[in-house]
Amino acid sequence: MTQRTPLYNAHVALGARMVDFAGWEMPLHYGSQIEEHHAVRGGAGVFDISHMGVIDLHGNRSRDLLRYLLANDVARLDTTPGRALYSCMLNERGGVVDDLIVSYMSPIWYRLVVNAATFDKDFNWISRHASSFAVDLESQEDLAMIAVQGPQARQQVHQLGNAYLTLGQSLGKFYAATKGDVFISRTGYTGEDGYEIILPADDLESIWQQLLDNGVKPCGLGARDTLRLEAGMSLYGQDIDDNHTPLESGLAWTVALQPASRQFIGRSALQQQLDAGLKWQLAGLRLEGRGVMRSGLQVTLPDQQQGVITSGGFSPTRQQSIAMARLPLGDYQTAMVTLRQQQLPATVMKLPFVRHGQPL
Amino acid sequence: MSEIPAELKYSPSHEWIRVEPDGTICVGITHHAQDLLGDMVFIELPEVGRQLSHGEECAVIESVKAASDIYAPLAGTITAVNNSVEAAPELLNQQPYGDGWILKMQPDAATDLHKLLDAAGYSALVASEA
């Protein structure tokens, strides 16, 4: 049985191609995912992301629990309520249970936004550890969520009314604010400025319609994927998973090994991996010729070592195929990708592929 | 809803075929096919003059979703290819039955045309795959 978001009828009315994503019927595109992609790079687009999970942690020791559960350190948020942090949540082997954004709302309230596909796994994992910290978990299933992204996204959201203007105007990047039932954070999954907004399901349709009436383009999961790929952002289940650590997945910057006294799940596995020497990295590839790299394709390096593409696609901004690939650690400049029985030359590059709408 | 023009013939692999007055055929992909594939990003065309057997792979279309082969709907010789879709693959999405045509062929035998589906047959095929 697939689930539907409160915007399901609105998507169908717009002619969206609907697909099953992690048990949710979601819009893939509303006609052209490339046009939707360009709208976000050049103006503003809105995504229904109500499939994502919202978990609130309540209790005096929420901070302690999160310092134990997350590879990044929520102590970094201490002095500034409203600040948000990207982190991986690790298993004992250092593999990634999920990647998430945690917002520090008050000393007794943290809000987590987690992936749809991993929601149950996350909730069970956190619950298992929460009781010994006397922290209550609250799954916010009656809340809906949209992302408004693009260089004009903030301005568009501020026009939704005084509440949005007041909340958004002075909000710094990677900060969240809440007033009444509305929660907005200056975060996203596109590489552009904008907001992710959590609000009661009943209010969603009118806000969605208002944004569309003001010229914000509805965007589906197809554009969401190419936008995040250009921005070099990981997708759980493809670029990161239970069997690879953040250190070998391009996410070392999200792991707080200092202070050394902080014990978090997965820490000893990460330390062992560092002591033994890292063997893998996550790198960017761009295909020099025609064709589109897809996840699962084999990559052969000049020294004949091999890697695999974890995410690939066509970059509308660069007009060429780009990919993330798990490669042996090393300083590589070129690689060959096996595509439809052919070996095609690719250039190894640092992430991201695009910043503020411009190819890098 | 997919558009399935009544005057065209169809293949089970979602190509459409228009019989021209001079007996050549024009080939493209159906509205239904482009809708399933999503935005086109690359098209690889064959050479004019190439001889094809029935069902032979003769072009590759690559969309945001997948790469797909185009199959020769009949045996014959390629007489023309649409170079403008190489530069503008989105024509296959925007005008699949018009400017988004892919290639033209001279069929070896006009009688082979009877092996193709008509619009009703293709509609039934699309419905059965839904």
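Residues numbered from 1 in each chain as written. Chains lettered and ligands numbered in written order. Predicted model: local features only at pLDDT ≥ 70, side-chain atom pairs only at ≥ 80, totals over all residues. Heavy atoms only, no water.

> Looking at this structure, I do not really get the packing of helix α2 (residues 33-42) of chain A against helix α8 (residues 221-230) of chain A. What am I missing?
A pair of packed helices is captured by two measures, namely the crossing angle of their axes and the spacing between those axes. All names here are of chain A. Between α2 and α8, the least distance of the axes is 8 Å, while the angle of their chain directions is 50°. On the basis of the axis angle, α2 is oblique to α8. Seen from above, α2 lies across α8 with right-handed handedness. Residues Q33, E36, H37, V40 and R41 of α2 form the contact with α8, whose own contacting residues are G222, A223, T226, L227 and E230. Taken together, the residues that form the contact of α2 with α8 break down as 3 nonpolar, 4 polar and 3 charged. (Axes fitted to C-alpha atoms, helices over the stretch in contact; angles between N-to-C directions. Helix = DSSP H or I, 4+ residues; strand = E, 2+ residues; numbered from the N terminus. Parallel < 35°, antiparallel > 145°, perpendicular 65-115°, else oblique. Left-handed = near helix turned anticlockwise from the far one by under 90°. Contact = heavy atoms within 4.5 Å. Nonpolar A, V, L, I, M, F, W, Y, C, P; charged D, E, K, R; others polar.)

> Can you help me understand the interface of chain B and chain A in this one?
One widely used convention gives an interface's size as the accessible area the parts lose upon coming together. Each side of the interface is counted separately: chain B has 16 residues, and chain A has 11 residues. Together, the buried faces of chain B and chain A total about 1300 Å²; carbon and sulfur atoms form 46% of this surface. At the boundary of chain B with chain A, the tally comes to 3 salt bridges. Between R294 of chain A and E62 of chain B there is a salt bridge, and its shortest N-O distance comes to 2.9 Å. (Buried area = accessible area lost by both parts, 1.4 Å probe. Salt bridge = Lys/Arg side-chain N within 4 Å of Asp/Glu carboxyl O.)

> Is there a simple way to think about the packing of aromatic side chains in this case?
For the coordinates displayed, the defined rule picks out 7 aromatic pairs over all chains. Of note, R4 of chain A hangs over the ring of Y8 of chain A, and the distance from its end group to the ring centre comes to 3.9 Å. The positively charged end of K104 of chain B is found above the aromatic ring belonging to W101 of chain B, 4.7 Å away from the centroid. (Phe/Tyr/Trp six-rings, centres within 6.5 Å; stacked < 30°, edge-to-face > 60°. Lys NZ or Arg CZ within 6 Å of the ring centre and 35° of its normal.)

> How do you make sense of the packing of helix α3 (residues 62-69) of chain A against helix α4 (residues 119-130) of chain A when you look at a structure like this?
Residues and elements named next belong to chain A. Between α3 and α4, the shortest axis-to-axis distance is 11 Å and the interhelical angle comes to 120°. In terms of orientation, α3 and α4 fall into the oblique class. Here α3 and α4 pass one another in a crossing that is right-handed. Contacts from L65, Y68 and L69 of α3 reach α4 at W125, I126, H129 and A130. Broken down by class, the residue content of the contact of α3 with α4 amounts to 6 nonpolar, 1 polar and no charged.

> Explanation requested: the domain arrangement of chain A in the structure shown.
Residue and element names in this part refer to chain A. Taken domain by domain, chain A consists of domain 1 (3-50 + 141-230) and domain 2 (279-359). Computed over C-alpha atoms, the centres of domain 1 and domain 2 are 29 Å apart. With 11 residues of domain 1 at the contact, the number on the domain 2 side is 16 residues. When the area that domain 1 buries against domain 2 is broken down by residue, the three leading residues are R228, L229 and E230, summing to 56%. Contributing elements (two or more residues each) for the side of domain 1 that touches domain 2: α2 and α8. Across the side of domain 1 that touches domain 2, the residue classes break down as 2 nonpolar, 4 polar and 5 charged. (Domains from an automatic or database assignment.)

> Help me understand the sheet that holds strand β8 (residues 109-114) of chain A, please; the structure alone is not making it clear to me.
Residue and element names in this part refer to chain A. Spatially, β6-β7-β8-β5-β9 is the arrangement adopted by the 5 strands of the open sheet, whose pairing is antiparallel. Every interior strand has two partners, whereas the edge strands, β6 (84-90) and β9 (136-139), have only one. Pairwise comparison of adjacent strand axes, ignoring direction, gives a mean angle of 30° for this sheet. Summarising the sheet, strand β5 (residues 53-58) and β8 pair through 6 bridges and their orientation is antiparallel. The residue bridging H58 from the neighbouring strand is W109, located in β8. (Pairing = 2+ DSSP bridges.)

> When you look at the sheet that holds strand β3 (residues 24-29) of chain A in this model, what are you seeing that I'm missing?
Working definition: the strands of a sheet are paired by backbone hydrogen bonds and lie parallel or antiparallel to each other. Residues and elements named next belong to chain A. Here 3 strands make up an open sheet; going across it, the order is β1-β3-β2 and the pairing mixed. A single partner strand is all that each edge strand has here, and the edge strands are β1 (3-4) and β2 (17-21). As judged from the 5 bridges shared by β2 and β3, these two strands associate in the antiparallel manner. From the neighbouring strand, M18 faces β3, where its bridge partner is P27. Against the sheet, α8 contacts β2 and β3, and its axis sits at roughly 70° relative to β3.

> How should the side chain of H29 of chain A be read in this particular structure?
All names here are of chain A. Structurally, H29 can be placed in strand β3. A polar side-chain atom of H29 sits 3.0 Å from the main-chain amide nitrogen of G31. Once residues lying within four places of it in the same chain are set aside, the contact partners of H29 are A16, R17, E36 and G220. (Polar contact = N/O pair within 3.5 Å; in protein donor to acceptor, adjacent residues only side chain to side chain.)

> Sorry, what's going on with helix α4 (residues 119-129) of chain B here?
In an α-helix, one full turn covers 3.6 residues, which means residues spaced three or four apart are oriented alike. Residue and element names in this part refer to chain B. Looking at α4, one finds that the buried residues are A119, Y122 and V126. Across the axial projection of α4, the buried residues extend over an arc of 65°, all falling on one side. Every exposed residue of α4 that faces more than 90 degrees away from the buried side is listed here: A120, A127 and S128. On the buried face of α4, the contacting elements are β1 (9-10) and α1 (31-37). (Buried < 20%, exposed > 50% of the residue type's maximum accessible area, 1.4 Å probe, protein only. Arc of directions from axis to C-beta.)

> Looking at this structure, how should I read the pattern of salt bridges?
When charged atoms on two side chains of opposite charge get close, those side chains can pair. Residue and element names in this part refer to chain A. This structure, assessed with the given rule, holds 19 salt bridges over all chains. Linking E192 and R41 is a salt bridge whose minimum nitrogen-to-oxygen distance equals 2.9 Å. Residue E192 is located in the loop between β12 (182-185) and β13 (194-200), and its partner R41 is located in helix α2; the two are separated by 151 residues in the primary sequence. Looking at R41, the relative accessible area reads 10%, which means it is buried. Among the charged side chains, a network of salt bridges with common partners joins R41, E192 and E230.

> Sorry, what's going on with unusual backbone geometry here?
Residue and element names in this part refer to chain A. A cis geometry characterises the amide bond from Q258 onward to P259, with omega recorded as 0°. If you trace the backbone, P259 turns up in the loop between α8 and α9 (267-276). Cis geometry marks the peptide bond from L351 to P352, where omega comes out at 0°. Of note, P352 is situated in the loop between β20 (342-349) and β21 (354-355).

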